[in-house]
Amino acid sequence: MVKVTLIHASWCTACPATRRLWKDLKSEYDFEYEEVDVESPEGQALIDKHGIVGVPTTLIDGEPAFTGLPKKKPTP
């Protein structure tokens, strides 16, 4: 199963929209989802491991996939 991890911060202006996007997608698709605060020990470890320089950052299966708000593909 795919695992999506969102690294976010309380002071981030784009993070709330990104959180809503992933929660909406979670209601439509089956994948694991977790949110990690950038200021937590786990968040700092992920920042260091991947050299992340901005939030929100989305990891998919443990690898950075998006920084910022991903674009949701429009439905026809």
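Look above for the structure.
Notes on the structure in this doc start here. (Residues numbered from 1 in each chain as written. Predicted model: local features only at pLDDT ≥ 70, side-chain atom pairs only at ≥ 80, totals over all residues. Heavy atoms only, no water.)

**Concerning the overall build of the protein chain**
Here is step 1: Summing up its helical and strand segments, the protein chain has 2 helices and 4 strands in all.
Here is step 2: Secondary structure of the protein chain in N-to-C order comes out as β-α-β-α-β-β.
Here is step 3: Against the globule reference of 11 Å for 76 residues, the protein chain gives a C-alpha radius of gyration of 12 Å, in line with a compact fold.
Here is step 4: C-alpha extents for the protein chain along the principal axes are approximately 40 × 30 × 15 Å.
Here is step 5: Taken across its 76 residues, the protein chain has 34% of its residues classed as buried.
Here is step 6: Counted over contacts in the protein chain with a minimum sequence separation of 6, partners at least 24 positions apart contribute 62%.
Here is step 7: A total of about 5000 Å² of accessible surface is found on the protein chain, and carbon and sulfur atoms cover 55% of it. (Helix = DSSP H or I, 4+ residues; strand = E, 2+ residues; numbered from the N terminus. Rg over C-alpha atoms; globule rule 2.2 N^0.38 Å. Buried < 20%, exposed > 50% of the residue type's maximum accessible area, 1.4 Å probe, protein only. Contact = heavy atoms within 4.5 Å. Areas by Shrake-Rupley, 256 points an atom, 1.4 Å probe, with all protein chains shown as cover.)

**Focus on the side chain of T18**
Here is step 1: Tracing the backbone through its elements, the reader meets T18 in helix α1 (residues 15–28).
Here is step 2: Sequence-distant contacts of T18, defined by excluding residues within four places in its chain, comprise L6, P56, G68, L69 and P70.

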